[in-house]
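# Descriptive analysis of the structure
Chain by chain, the residues:
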2 protein chains.
Amino acid sequence: MNSLKQMDRGALSDALDHFGQRTTPQRETVFGVLLNQRDHPTADEVYARTKSQMPTISMATVYNCLETLVSCGLVKQVNIEREPTRYCPNLSPHAHFHCRETGRVYDVPVPSGMMQELAGVLPGEYEADSVELVFRGHLSKGKTK
Amino acid sequence: MNSLKQMDRGALSDALDHFGQRTTPQRETVFGVLLNQRDHPTADEVYARTKSQMPTISMATVYNCLETLVSCGLVKQVNIEREPTRYCPNLSPHAHFHCRETGRVYDVPVPSGMMQELAGVLPGEYEADSVELVFRGHLSKGKTK
DNA sequence: ATTTGATTTAGAATAATTCTAAACTATGTT
DNA sequence: AACATAGTTTAGAATTATTCTAAATCAAAT
């Protein structure tokens, strides 16, 4: 699989349009790479994967595309400690789990009620537009998933 | 104020001892800097503040000391997006609020029950030893605190 | 067709952090 | 007290993710 499904292509164009940005082959390809393998790749990894489909793309363009996708709300950045930024096209409310042993990052669904509750701990003067929840630890043996 | 209170000096020595590390003037001074002004300074800021009390200290030592304090559990690292790491000697359970306008980071106390609850969203195979909760947004007008 | 502005590109620049190797300090042992 | 050992500090070099720059390319609109 290496091309965007019609549905995703539509979502991409719509979102880009909405922010006055053009739909380009590079943006489509990068978005496709993210949707195809949902393992929170770094920019470097996205670059490698994209290059295999589009050998002339440059690192700068990958960064540009990722930045564009993030600013259009199609992709989220995940920062774990000081490690390279990772990218995630999962838009539903979720937390992240970072395994210290493998370095892998997993999505963990969070009931939406929980998110409400979290916002509740903020004193009145704080107005949050985003919440980030990251767990760190390890996966219990047997289940490497 | 520029020297460690007796109580804090004791806590520092105990913790360092416990991990087989020496209590040095550099570590004491850096720890004192963090306790004195609890505004989540970056390593650069810690360096500047420490240098004013101990002009011969080097940047590398500041990083070494911070790393030592973190590994002994006396200080926490706070990473917000890709910005420089900040340091925080608040050991009670709390979240962070990052103001997009000023860039400042605030501690937000979190009821301990909430932390328990958060851990509850993790499926069984995930064993977390730390939870990080970061809000981003802005302070409502009037209260710049 | 031509202008205009957006996008892509390669490579240089930046900046936080880590590494390296030498100098220094403290501690324990005889 | 002198010495060996290991831990710590230091300045500066190295690393690395990311951003910047300026030129080339592309697309849309007159």
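This text goes with the structure placed above it.
An account of the accompanying structure is given in this report. (Residues numbered from 1 in each chain as written. Chains lettered and ligands numbered in written order. Predicted model: local features only at pLDDT ≥ 70, side-chain atom pairs only at ≥ 80, totals over all residues. Heavy atoms only, no water.)

Under the counting rule described, the total for this entry stands at eight salt bridges over all chains. Taking the shortest distance from any N to any O, the salt bridge between Glu28(A) and Arg9(A) comes out at 3.1 Å. Placement of the pair is Glu28(A) in helix H2 (residues 25-36) and Arg9(A) in helix H1 (residues 6-18), with a sequence separation of 19 residues. Here Arg100(A) ties to Asp129(B) by a salt bridge, and the two come within 2.4 Å at their closest N and O atoms. Highlighted residues: Arg100(A) in the loop between strand E3 (94-99) and strand E4 (105-109) and Asp129(B) in strand E5 (residues 126-139), drawn from two different chains. On the basis of relative accessible area, Arg100(A) is assigned to the partly exposed category, the value being 42%. (Salt bridge = Lys/Arg side-chain N within 4 Å of Asp/Glu carboxyl O. Helix = DSSP H or I, 4+ residues; strand = E, 2+ residues; numbered from the N terminus. Buried < 20%, exposed > 50% of the residue type's maximum accessible area, 1.4 Å probe, protein only.)

Surrounding DNA strand D, one finds 17 residues, the nearest of these being Tyr63(A), Thr85(A), Thr24(B), Arg27(B) and Thr61(B). When atoms of DNA strand D within 4 Å of the protein are sorted by moiety, sugar and phosphate together comprise 78%. In terms of residue count, helix H4 (residues 59-71) of chain B provides more of the surface near DNA strand D than any other element does, three residues in total. Per-class residue counts for the surface near DNA strand D are five nonpolar, eight polar and four charged. (Near = heavy atom within 4 Å. Nonpolar A, V, L, I, M, F, W, Y, C, P; charged D, E, K, R; others polar.)

Now for the nonpolar core. In this structure, Phe97(A), Leu118(A), Phe135(A), Phe97(B), Leu118(B) and Phe135(B) are the most contacted members of the largest nonpolar core, which totals 30 residues. If you list the elements that add at least two residues to this core, you get E3, E4, helix H5 (112-120) and strand E5 (126-139) of chain A together with strand E3 (94-99), strand E4 (105-109), helix H5 (112-120) and E5 of chain B. Not counting the four nearest positions on each side in its chain, Phe135(A) is found in contact with Ala95(A), His96(A), Phe97(A), His98(A), Leu118(B), Ala119(B), Val121(B), Leu122(B), Ala128(B), Ser130(B) and Val131(B). (Core = buried A, V, L, I, M, F, W, Y, C linked by side-chain atoms within 4.5 Å. Contact = heavy atoms within 4.5 Å.)

Residues and elements named next belong to chain A. Phi at histidine 40 is positive, roughly 55°, even though this residue is not glycine. Here histidine 40 is to be found in the loop between H2 and helix H3 (43-53). Of note, the phi angle at glutamate 81 is positive, near 45°, even though the residue is not glycine. Relative to the helices and strands, glutamate 81 is located in the loop between strand E1 (76-78) and strand E2 (86-88). The class for glutamate 81 is partly exposed, based on a relative accessible area of 26%.

The next subject is the relation of the copies chain A and chain B. The operation relating chain A to chain B is a screw motion whose rotation component is 180°, with 0.0 Å of axial translation and a residual RMSD of 0.1 Å. In short, the pair behaves as if placed about a two-fold rotation axis. Of every C-alpha in chain A, the one belonging to Leu133(A) sits nearest the axis of rotation, 2.4 Å from it. Interface overlap between copies: 98% of the residues of chain A at the interface are likewise at the interface in chain B, consistent with a symmetric, same-surface contact. (Least-squares fit on C-alpha atoms with pLDDT ≥ 70 in both.)

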